[in-house]
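Observations on the model geometry
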Amino acid sequence: MITWLTVHESMLIGIVWMMVIGPAVGNYACSVVYRLPRGKTPFERHPYCGHCNADLKPIDLFPIWSWLRTKGKCRYCAGVIPSIYTVIEAVCGVVFIAYFLQFGISEAFLLYAAYAVFVLILAAIHWQQGWIAASIYSYAFACVMLLRVLTEHSIY
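It should be emphasised that the depicted structure is a prediction, and the values quoted were computed from it without experimental measurement. (Residues numbered from 1 in each chain as written. Predicted model: local features only at pLDDT ≥ 70, side-chain atom pairs only at ≥ 80, totals over all residues. Heavy atoms only, no water.)

In this section: the packing of helix 3 (residues 83-103) against helix 4 (residues 107-129). Packed helices, taken two at a time, are described by their axes: the angle between them and the distance between them. Close contact between helix 3 and helix 4 brings their axes to 10 Å; oriented N to C, the two are set at 160 degrees. For the element pair helix 3 / helix 4, the angle class is roughly antiparallel. Judged by the twist between their axes, the crossing of helix 3 over helix 4 is right-handed. Touching Ile84, Tyr85, Ile88, Val91, Cys92, Val95, Phe96, Tyr99, Phe100 and Phe103 of helix 3 are Ala108, Phe109, Tyr112, Ala113, Ala116, Val117, Leu120, Ala124, Trp127 and Gln128, all from helix 4. Looking at the contact of helix 3 with helix 4, its residues break down into 19 nonpolar, 1 polar and no charged. (Axes fitted to C-alpha atoms, helices over the stretch in contact; angles between N-to-C directions. Helix = DSSP H or I, 4+ residues; strand = E, 2+ residues; numbered from the N terminus. Parallel < 35°, antiparallel > 145°, perpendicular 65-115°, else oblique. Left-handed = near helix turned anticlockwise from the far one by under 90°. Contact = heavy atoms within 4.5 Å. Nonpolar A, V, L, I, M, F, W, Y, C, P; charged D, E, K, R; others polar.)

So this is what it looks like as structure tokens:
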């Protein structure tokens, strides 16, 4: 006989998924934080070490865990990996869990999570470089407009 998951079980499964997806999105956000101030796009190249330029292998790309496993250093050249990237991944995990608990998987979840990630990118770039890219401001503004349309059915 097939039994359906209880609400608590499905909530727990959702939280576990958010613990995986949130840091993975944070890992991608780290590429934006590193590359955008250097005039590169996140799509130009696969992930690489900023010190020795070595292409990172899949084992190097597990958010948070890879940084802890290598003690915050590149596996290839032992260059120091700034801890801000691990903080970004962890904060994205927390944000995804919080918005999942608030909204479930919904349009509001996607918009709030996207907006939070881009605000996090803004903060990290500003903290590291002292400047913020206009393209990120544009994306953040677009997210706010979409959220307003979703919640209030008006862009004005």
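Don't stop here, the text continues.
Here the focus is the environment of Ile88. Along the chain, the position of Ile88 falls in helix 3. Owing to a relative accessible area of 2%, Ile88 belongs among the buried residues under this scheme. Those residues in contact with Ile88 that sit more than four places away from it in its chain are Gly26, Ala29, Cys30, Val33, Leu120 and Ala124. (Buried < 20%, exposed > 50% of the residue type's maximum accessible area, 1.4 Å probe, protein only.)

Together, Leu12, Ile13, Val16, Trp17, Val20 and Ile21 make up an exposed nonpolar region whose accessible area comes to about 560 Å². Note that Ile21 resides in helix 1 (residues 7-35). A relative accessible area of 33% means that Ile21 is categorised as partly exposed. (Patch = residues over 30% accessible without salt bridge, like charges linked within 9 Å, V, L, I, M, F, W, Y side chains within 5 Å. Areas by Shrake-Rupley, 256 points an atom, 1.4 Å probe, with all protein chains shown as cover. Salt bridge = Lys/Arg side-chain N within 4 Å of Asp/Glu carboxyl O.)

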